[in-house]
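Each chain, written out:
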Amino acid sequence: MGSTSAHSNEGLGRRDLIKRSAAVGLITVPTMSFLASCASSDSGGDEKVEKGKTSAKNPLGANETAQLEVVIFNGGFGEQYAIDAEKRYNTAFPKAPKVKHAATEKIQSTLQPRFNGGTPPDLIDNSGAEQMDMGVLVGKKQLTDLTALMDAPSYDDPAKKVRDTLRPGIVEMGQFDGDPVWIMYYAYTVYGVWYSQKALENLDATYPETWDDMLALCAKAKKKGIAGWTYAGKHPYYIPFSLYPMIAKIGGVEVLDKIDNLEPNAWKDPAVKTAFEAYYELYKKGYILQGTPGLDHIQSQTAWTKGKALFIPNGSWVENEAAKTMPADFNLAVGAPSGIDSSDKLPFGTIWASGGEPFIVPQKAKNPQGGMELLRIMLSEESSKNFTSQVKSLTALNGGTDGIELTPGLKSAVAALDKAGENVVNPRLQDWYVKLQKEQIGVAGLGEMMAGRLTPAETIKKIQGYADAAAKDQSIKHYKHQ
Amino acid sequence: MQHGKYRFIVGFLIAPLALYAIFVIWPFIQSIYYSFTDWTGLSSDFKMVGFDNYKKMFEDDIFWKSLQHSVLFVLLLPLVTLALALFLAFMINVGGRQRKGATIAGVRGSGFYKIAYFFPQVLSIAIVALLFQFAYNPESGAINAALSAVGLDNVQPLWLGDPDLALWCVMAVLIWSTVGFFVVLFSAGMASIPKDYYEAALLDGADRFTTFFRITLPLLWDTVQAGWIYMGILALGAEAFAVVQIMTVGPGGGGPDYSTTVLPLYVYQTAFRDAQAGYATTIGVALLVVTLSFAAVVTKLGRRERLEF
């Protein structure tokens, strides 16, 4: 057998063996192999179920006896709203087996193997941190065109098509290139500057409509030891929620469209510069809560609900997310971004609102008509109200809030949408180019500027560089506003 | 008997070797294969693109940045952690003042220290990272609160929000959470060093410094080397990923201006956020090269005659 001590040049000793296996083990541990474990075999799914008969009650022709399978993102909105809608589906199709329902926080880990294997479920709420890249799914022809659903009669009023019952921007958001609608955004999010009505009242102030008023209010608050603004410093891609609509208000929607289209020098527009300089002013005058660049979204929201800062750029989910730390008399409200003055292209009230909770029907789903039919049920007034009262968020269905008690934040969001009227903007960077929007513009650009480490001019130059690189990168799919 | 020894050993190890081949070697080969494709990770449809991914990688600033951070991790973490652990273990076991009845002893209360140092090891790395995220909170965190408590109101660093500090903050957490394990490991190693060596050294008038470098360290070398390898794994693998991801980046991407991005994190983001699994495996291959060179260096430097006692 082998010698038990390490003599040189004498074959494999015990220690050599141990040493060598340690070296081999070392190679394997920080392994990259987890990637390859998602083997990309193409086994193809089973046959699709047969399409059912279309009728007034079943305009999409869902098979009345077929199984429907649904996977819901179990995040801030939970899963109950979907379960309720599935019950209504089973009532409508009593012969179909109970809808197969699954809810997970890990959409991608759960579903990626099924996409690769060609056996995805029929309806997916593709949301959360593990959202699958929509651009890639569309580009690789993995999704079913939802145009049939859009043109089907709506649940409550057969005279109206589904697409005519939706809020502005929802259909466009589901389109990528041309007419097909790939995604149905179910929730509706209002972005803007969120504040406590009570905090403003304590300062004898109203929400400022111009930036001069904003700076004056911040100065007033500073004297009382309250910061003007805070934001998610570690995730500065929250800043665009109020900054982008401000750019649109100053320079018109075209500026944002050019930015979305990754046009050369889109960021060099004077409106961008004006808006950036206005925000930079907050840093220079010391109106930003001390330590903000080191806070994550929850920490910044907590500082804000504690009254340490007046304003925070955020989305309408903040009411639910910050509920635990929000005092009962906080009186949450949202403001459209303050403008510069009356020479702005768009009136005060211009706001960013867009769809959330993207629902998709995979191309290889066995029962795509069933998936769309469930969406049609979810877009009925009854289901929509159920969702709104359960999770404090609006849905894609226009209206549908009558007769239910709205929370202060939601009420203010509805009012803001009314005030905005036509002037709802919908920048697409965050769903078209996630990395560009979050990591490059957000973290490396705006985050650095608001922490005072870059000037507005440097920031614009840096961001334009990122945008140009993204426009050039052939491994990214590019989109244009229609 | 020397002849055919490998075959003999392999005969015993056939089952583990087969598992190793299937679950380690084969995925490696697959990864290298995928690094030449444009696989998105979301569909089974992809094609070969030759060296495009590698070309892209060499022009990718973020890749170089994360490589730099990972190399810094793998050089500094083992060095600092092991040096600190050796010092602490020495003080606990040998470094104390001479007392009646014992030639060598640790400092007073060494039993307590041993447990206290080991304590972080009990916590999961995710929890450690979360706790420190609260501590580093510049607005209401423990560290800045402590600074103001001692009158340093003007010194309120942004910690994880400052590109110059963030990486060091993350490293400090990794050191804090692992040093205890090595204190215990080295203590066990020191306990097996015969006391007579120390007695002899003390009779010859050696001080603590000399005893450490002339007796403790040489006799502990094997253990230190094992620790070195273990720390290397940690610095290039899951732990470094976890603390960076939890403390600075978060699920959507973040961290001040790429100042903390490490290779495993970049692999993860490219694959699962940007849906570029092909490019991600390319970065994975780069990580493999770094790991291999580290392994080569460690085994080369560590080769040294073993002392039997």
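Rules used throughout
- Residues numbered from 1 in each chain as written.
- Chains lettered and ligands numbered in written order.
- Predicted model: local features only at pLDDT ≥ 70, side-chain atom pairs only at ≥ 80, totals over all residues.
- Heavy atoms only, no water.
- UniProt positions renumbered as here; feature names shortened; annotations may be inferred.
- Helix = DSSP H or I, 4+ residues; strand = E, 2+ residues; numbered from the N terminus.
- Buried < 20%, exposed > 50% of the residue type's maximum accessible area, 1.4 Å probe, protein only.
- Contact = heavy atoms within 4.5 Å.
- Areas by Shrake-Rupley, 256 points an atom, 1.4 Å probe, with all protein chains shown as cover.
- Lys, Arg positive; Asp, Glu negative; His and termini not counted.
- Charge placed at Lys NZ, Arg CZ, Asp CG, Glu CD.
- Phe/Tyr/Trp six-rings, centres within 6.5 Å; stacked < 30°, edge-to-face > 60°.
- Domains from an automatic or database assignment.
- Pairing = 2+ DSSP bridges.
- Axes fitted to C-alpha atoms, helices over the stretch in contact; angles between N-to-C directions.
- Parallel < 35°, antiparallel > 145°, perpendicular 65-115°, else oblique.
- Left-handed = near helix turned anticlockwise from the far one by under 90°.
- Nonpolar A, V, L, I, M, F, W, Y, C, P; charged D, E, K, R; others polar.

- Looking at an unreviewed UniProt entry, chain B carries the name Sugar ABC transporter permease, with the source organism given as Streptomyces camponoticapitis.
- UniProt lists a comment for chain B under the heading Subcellular location (unreviewed entry), and it reads "Cell membrane".
- Heading Sequence similarities (unreviewed entry) of the UniProt record for chain B holds this comment: "Belongs to the binding-protein-dependent transport system permease family."

- Under the heading Subcellular location (unreviewed entry), UniProt records this for chain A: "Cell envelope".
- Taken verbatim from the UniProt record of chain A, the Sequence similarities (unreviewed entry) comment is "Belongs to the bacterial solute-binding protein 1 family."

Some points on the overall build of chain B
- Tallying secondary structure elements over chain B gives 14 helices and 0 strands in all.
- Taking all 309 residues of chain B together, the buried fraction comes to 51%.
- Restricting the contact set of chain B to residue pairs at least 6 apart, pairs at least 24 apart contribute 65%.
- Roughly 15200 Å² of accessible area belongs to chain B as shown, and the carbon and sulfur atoms make up 69% of that amount.
- Between the averaged position of the 19 positive side-chain charges in chain B and that of its 20 negative side-chain charges there is a distance of 13 Å.

Concerning unusual backbone geometry
- The phi angle at A:Lys141 is positive, at roughly 55°, despite the residue not being glycine.
- Assignment of secondary structure puts A:Lys141 in the loop between α5 (134–139) and α6 (147–151).
- Unusually for a residue other than glycine, B:Trp159 sits at a positive phi of about 50°.
- By secondary structure assignment, the location of B:Trp159 is in the loop between α7 (142–149) and α8 (166–191).

What to know about the packing of aromatic side chains
Residue and element names in this part refer to chain A.
- As enumerated under the stated definition, the model contains 55 aromatic pairs over all chains in all.
- Between Tyr89 and Phe93 the ring centres are 4.9 Å apart and the planes differ by 50°, which places this aromatic pair in the tilted class.
- Judged by its relative accessible area of 0%, Tyr89 falls in the buried class.
- Judged by relative accessible area, which is 4%, Phe93 ranks as buried.
- Arranged with centres 5.7 Å apart and planes meeting at 75°, the rings of Phe241 and Trp352 form a pair that is edge-to-face.

Structural notes on the domain arrangement of chain B
- Domain boundaries in chain B define domain 1 (1–27) and domain 2 (35–302).
- If you average the C-alpha positions of domain 1 of chain B and of domain 2 of chain B, the two centres end up 32 Å apart.

Thoughts on the pairing of strand β8 (residues 351–360) of chain A
Residues and elements named next belong to chain A.
- The element β8 is extensively covered by neighbouring structure, given that 10 of its 10 residues are classed as buried.
- Where strand β3 (residues 123–125) and β8 come together, 2 bridges link them in antiparallel fashion. When the sheet's bridge partners are listed, Ile124 is paired in β8 with Ile360.
- Pairing geometry for strand β4 (residues 184–196) and β8, over 7 bridges, is antiparallel. Note on β8: the bridge partner recorded for Thr189 is Ser354.

Comments concerning the packing of helix α10 (residues 240–251) of chain A against helix α12 (residues 270–284) of chain A
Residues and elements named next belong to chain A.
- With their axes 9 Å apart at the nearest point, α10 and α12 run at an angle of 130° to one another. Regarding the angle of α10 to α12, the classification is oblique. The crossing of α10 and α12 is right-handed. Facing α10, whose interface residues are Ser242, Leu243, Met246, Ile247, Ile250 and Gly251, α12 presents Ala271, Val272, Thr274, Ala275, Phe276, Ala278 and Tyr279.
- Residues belonging to the contact of α10 with α12 are distributed by class as follows: 10 nonpolar, 3 polar and no charged.

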